Amino acid sequence: ASIDHSRQFVPERLPAGLPEWLDQGPRGGLLENIAFAYHGQIIVAPFELGRRLEMSANISDGHVQYHPDWPEMFELDGFIEVAGRDVRFRIDDGLSSFGSEVDGTRLLLANNAAYADLVLSTQTTVDAALQFIRATPLAQWMDFVTPDWRGAGPITLDGTVHIPLKLAADHIGETSFDDEFAARLDIGLSDTDLALEDYRVNLEGLSGLVNYQYPADIAASNIRGRIFSQPAQFDARSDEDTVIFSIVSQAGYRDVLEVLQADDPGLLAGGFDYLAELHIERNEAQRTRLDVVSDLAGLAVDLPGELGKLAEDAVATDLQLYFGDEYQVLDFGYGQARGSLHVADAPLRGAIGFGQPAPEVDVSRSDLLLTGQVAGFSIDEVIPDDSEQAGLLLPLRLEDMLAEY
């Protein structure tokens, strides 16, 4: 029997919402090897469930819209079983409207479709998965996935999803999911690419397993791949308010300038090893921060006196980059120096303290404040006078600054 032909066998008296779903959800397909079992009683006590109907069938080339908020399913081959208050569906082959293969997926609609349990097994691509997140209720639960994320390459999804439907109260198309929703997914990466364009970072050749649990718990360790064309190891973790991605890799100084969207000052050469952590906050502040720690071994810095270093020298360095709407805030420590810069397409303002904490940046000014004490040069040798400051990225302002041999 075809799906359309089968509608004439649907009972007229069903729980609220279920007749609408049976009319709108199944769109096409063929039922084969249909088997019925019916049990009834001649004498039924009050409130006793005296009748029971079960049905099973193979389904081929099926087409179903499970719920308006979720993808439609096409080319379904599998097995369906209606057993009292429960419906079970096994998918041997099938495709979602996002192009994902759903072979091996199993679905249970339980307690007269009061809830759905989905055992998911699917293969898809990064772009299709990102589109799926943005077009479904997952968008509100995984809001750290921004519209600027792009990807390519295969991924696998395996896990379980529990979706409360509560059809007895409302039409299925009007129900909303509450806190009883539960999901746990294992996301397998195999030489996949992910471009985080809002952070100006491309991750390439990712391979490994990422665990996701609703609403925003993420765990991953020892994901291998590349960033800035260098081999890298990636990890991920989360808590109630923050998702944290960790990276251990190498970078050239030009890679740093690209992330900062800053011009090359001509003072750097080489590259360095680093540990970086991207903190994506999910609270009201919605602030994103990148932390980087390195000893800068391999990077030459052409600055005067104790501020400079040879490529083989190690200098303890850390930075925190805060991504804002109008500009980025870069707080950093380099040896004995502590500073803060506001950067957009070019440095806007900043302050550096030598041998002391960084002064507060004055947002009303467009200069670089220097204060403290450094050794190895005199101020007259390296700090231009006012007539020559036009060649600097920012005008310099000195307060209680001492530089001496």
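Residues numbered from 1 in each chain as written. Predicted model: local features only at pLDDT ≥ 70, side-chain atom pairs only at ≥ 80, totals over all residues. Heavy atoms only, no water.

Q: Please clarify how the environment of Arg289 should be interpreted in this entry.
A: Note that Arg289 resides in strand 15 (residues 288-294). Apart from residues lying up to four places away in sequence, Arg289 is in contact with Glu277, Leu278, His279, Gln320, Leu321 and Tyr322. One polar contact links Arg289 to Asp291, side chain to side chain, over a distance of 2.8 Å. (Helix = DSSP H or I, 4+ residues; strand = E, 2+ residues; numbered from the N terminus. Contact = heavy atoms within 4.5 Å. Polar contact = N/O pair within 3.5 Å; in protein donor to acceptor, adjacent residues only side chain to side chain.)

Q: Explain the packing of aromatic side chains to me, please; I cannot follow it from the model alone.
A: Geometry of an aromatic ring pair is reported as the spacing of the ring centres plus the angle between the planes. In total, this model carries one aromatic pair according to the counting rule given. Arranged with centres 6.2 Å apart and planes meeting at 65°, the rings of Phe272 and Tyr274 form a pair that is edge-to-face. When its relative accessible area of 10% is taken as the criterion, Phe272 is described as buried. Take Tyr274: its relative accessible area is 9%, and that puts it in the buried class. Here Arg349 stacks its cationic end above the ring of Tyr327, 5.5 Å away from the centre of that ring. (Phe/Tyr/Trp six-rings, centres within 6.5 Å; stacked < 30°, edge-to-face > 60°. Buried < 20%, exposed > 50% of the residue type's maximum accessible area, 1.4 Å probe, protein only. Lys NZ or Arg CZ within 6 Å of the ring centre and 35° of its normal.)

Q: Help me understand the nonpolar core in this model?
A: General note: in soluble globular proteins, nonpolar side chains tend to be found buried as a group. Membership of the largest hydrophobic core comes to 91 residues, with the highest contact counts inside it found for Phe144 and Trp149. For this core, the leading source of residues is strand 9 (residues 182-196), giving six residues. Filtering out sequence-adjacent residues up to four positions away, Phe144 remains in contact with Trp149, Ala216, Ile218, Val243, Phe245, Ile280 and Arg282. (Core = buried A, V, L, I, M, F, W, Y, C linked by side-chain atoms within 4.5 Å.)

Q: Mind showing me how you'd approach the pairing of strand 11 (residues 217-227) here?
A: If a strand is regular, its side chains alternate between the two faces of the sheet. Where strand 10 (residues 201-213) and strand 11 come together, seven bridges link them in antiparallel fashion. Bridge pairing in strand 11 places Gln213 opposite Asp217. In textbook terms, the turn of a hairpin is the stretch between consecutive antiparallel strands, and for strand 10 and strand 11 this stretch comprises three residues. With six bridges connecting them, strand 11 and strand 12 (residues 230-238) associate as antiparallel partners. The residue of strand 12 that forms the bridge with Ala220 is Ala236. Linking strand 11 to strand 12, which pair antiparallel, is a turn of two residues; within it Phe228 sits at a positive phi near 55°. (Pairing = 2+ DSSP bridges.)

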